[in-house]
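Listed below are the residues making up each chain.
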Amino acid sequence: MKLSCNVIRDLLPLYRDGVCADETRTLVEEHLAGCASCRAELAALDAPLAQMAEEQREVRALDGVAKTWRRGKLRAFLKGCAVTALLCAVLLGLFAVLVGWHGAVPYDLSEMRVYDRCVLPDGRIAYRLDYPGDRYMEYRFEEGGNGEVYKIPCHSVTGLGEMDNRDWQNGDWHIYDWEEENVARVRDGAQTTTAYYWGEGDDAVLIWQQGMDLPRATDAQLVEIAAARFGMTDTRRSPAAKAAAAAGVAVTDYPTPDELQDYIPYYLDANYPGWRTE
């Protein structure tokens, strides 16, 4: 039986999907063998499937690219976070070094020279110090097992720190008040100081120890120490200043070294009777 092209075209979807009867399949194939137009119609039905398959392949390929890009972006983000964290750690470390490390490196004290040790009228120990290194210092203190105290100078890399513990010159006078220190130690239940050193270990330089026989400070030394504002002078309202002024010695609130040279005898007579004559 010969079927028209219109009937065959209605059957082509069933034929393509393989859901038609065997007799119908035979009729469609007989018609397609002699009809180029219907063969073209069948090919047109298959084209969307091929196109859809191609599109799906493209979508899968693009999805793979997107996944790869997202993974790469995540790795880049994690690397960026790691680099940022490392940079922050380095910067914080540098900040800690600049601010906190300045007092962490002890000096080599093998060339330190201590001289002009003497006793002040109030019992404090005065001494002068030379060291050819950096004039900026920080100090830390350690204690020995028998009452020794070690004052350890450290490098001040940045010049930061407590102003009272830095910026000194060779030949400057230093003062050690061992009596006041021991008062505080007794109050706190600690052992009294038996010796005072600069430095630590084998390079430690002895400044003072119990029983050390030190000379009394001379008037010239007292002038130098007083000029350094170590509490050796009184104002012109003190009895010593009034006595000096009555003798024609100029006394000011902040005496110059020349004024101090003339003023020191009156200061000692008023505050430490017999100091200059003993």
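See above for the structure.
The structure presented is a predicted model; accordingly, all values stated were derived computationally and were not measured. (Residues numbered from 1 in each chain as written. Predicted model: local features only at pLDDT ≥ 70, side-chain atom pairs only at ≥ 80, totals over all residues. Heavy atoms only, no water.)

Colleague: I'd like to hear about the layout of surface pockets, residue by residue, with values.
Modeller: Approximately 170 Å³ is the volume attributed to the second largest pocket. What lines the second largest pocket is Y127, F141, K151, H174, I175, Y176, D177, E181 and Y196. Element by element, the count of residues in the lining of the second largest pocket is highest for strand 5 (residues 173–176), at three residues. Looking at the lining of the second largest pocket residue by residue, the classes come out as five nonpolar, one polar and three charged. (1 Å grid on protein atoms, 1.4 Å probe; cavity = no way out; pocket = protein on both sides within 12 Å on 5 of 7 lines; lining within 4 Å. Points joined across faces, edges and corners; volume = space filled by probe spheres on them. Helix = DSSP H or I, 4+ residues; strand = E, 2+ residues; numbered from the N terminus. Nonpolar A, V, L, I, M, F, W, Y, C, P; charged D, E, K, R; others polar.)

Colleague: Before we move on, can you summarise a negative patch on the surface with the specific residues and values?
Modeller: On the surface, D108, E111, D202 and D203 cluster together into a negatively charged patch. Looking at the secondary structure, you find D202 in the loop between strand 6 (195–198) and strand 7 (205–209). D202 sits in the exposed class, given a relative accessible area of 83%. (Patch = residues over 30% accessible without salt bridge, like charges linked within 9 Å, V, L, I, M, F, W, Y side chains within 5 Å. Areas by Shrake-Rupley, 256 points an atom, 1.4 Å probe, with all protein chains shown as cover. Salt bridge = Lys/Arg side-chain N within 4 Å of Asp/Glu carboxyl O. Lys, Arg positive; Asp, Glu negative; His and termini not counted. Charge placed at Lys NZ, Arg CZ, Asp CG, Glu CD. Buried < 20%, exposed > 50% of the residue type's maximum accessible area, 1.4 Å probe, protein only.)

Colleague: Before we move on, can you summarise the pairing of strand 7 with the specific residues and values?
Modeller: Pairing geometry for strand 6 and strand 7, over four bridges, is antiparallel. Residue pairing in the sheet places Y197 in a bridge with L206 of strand 7. Here strand 6 folds back onto strand 7, and the loop between the two strands holds six residues, one of which, G199, carries a positive phi near 95°. (Pairing = 2+ DSSP bridges.)

Colleague: Please provide a residue-by-residue account of the packing of aromatic side chains, values included.
Modeller: Taken as a whole and judged by the stated rule, the model has six aromatic pairs. Judged by centre distance (6.2 Å) and plane angle (55°), the ring pair of Y263 and Y267 falls under tilted. Placement of both Y263 and Y267 in helix 7 (residues 257–271) is noted, with a separation of four residues, approximately one turn of the helix. Each member of the pair, Y263 as well as Y267, is classed as buried. Among the aromatic side chains, those forming a connected cluster through ring pairs are Y176, W178, Y196 and W208. The positively charged end of R113 is found above the aromatic ring belonging to Y115, 3.9 Å away from the centroid. (Phe/Tyr/Trp six-rings, centres within 6.5 Å; stacked < 30°, edge-to-face > 60°. Lys NZ or Arg CZ within 6 Å of the ring centre and 35° of its normal.)

Colleague: So what about the sheet that holds strand 2 (residues 125–130)? Which residues, and what values?
Modeller: If you trace the three strands from one edge of the open sheet to the other, you get 1-2-5, paired in antiparallel fashion. What marks the edges here is a single partner per strand, and that holds for strand 1 (113–119) and strand 5. Averaged over all pairs of adjacent strands, the angle between strand axes in this sheet comes to 30°, irrespective of strand direction. By the bridge criterion, five bridges tie strand 1 to strand 2 in an arrangement that is antiparallel. Across the sheet, residue Y115 finds its bridge partner in strand 2, namely R128. Packed on one face of the sheet, helix 5 (residues 219–227) meets strand 1, strand 2 and strand 5 and runs near 90° to strand 5. (Axes fitted to C-alpha atoms, helices over the stretch in contact; angles between N-to-C directions. Contact = heavy atoms within 4.5 Å.)

Colleague: Got a sec to walk through the pattern of salt bridges? Specific residues and values, please.
Modeller: Under the defined criterion, the tally for this structure stands at seven salt bridges. In this structure, R128 and D116 form a salt bridge, with 3.2 Å as the shortest nitrogen-oxygen distance. Taken together, the residues R128 in strand 2 and D116 in strand 1 connect sequence positions twelve residues apart. Since its relative accessible area comes to 30%, D116 is described here as partly exposed. Close ionic contact of E143 with R185 constitutes a salt bridge, the shortest N to O distance being 2.8 Å.

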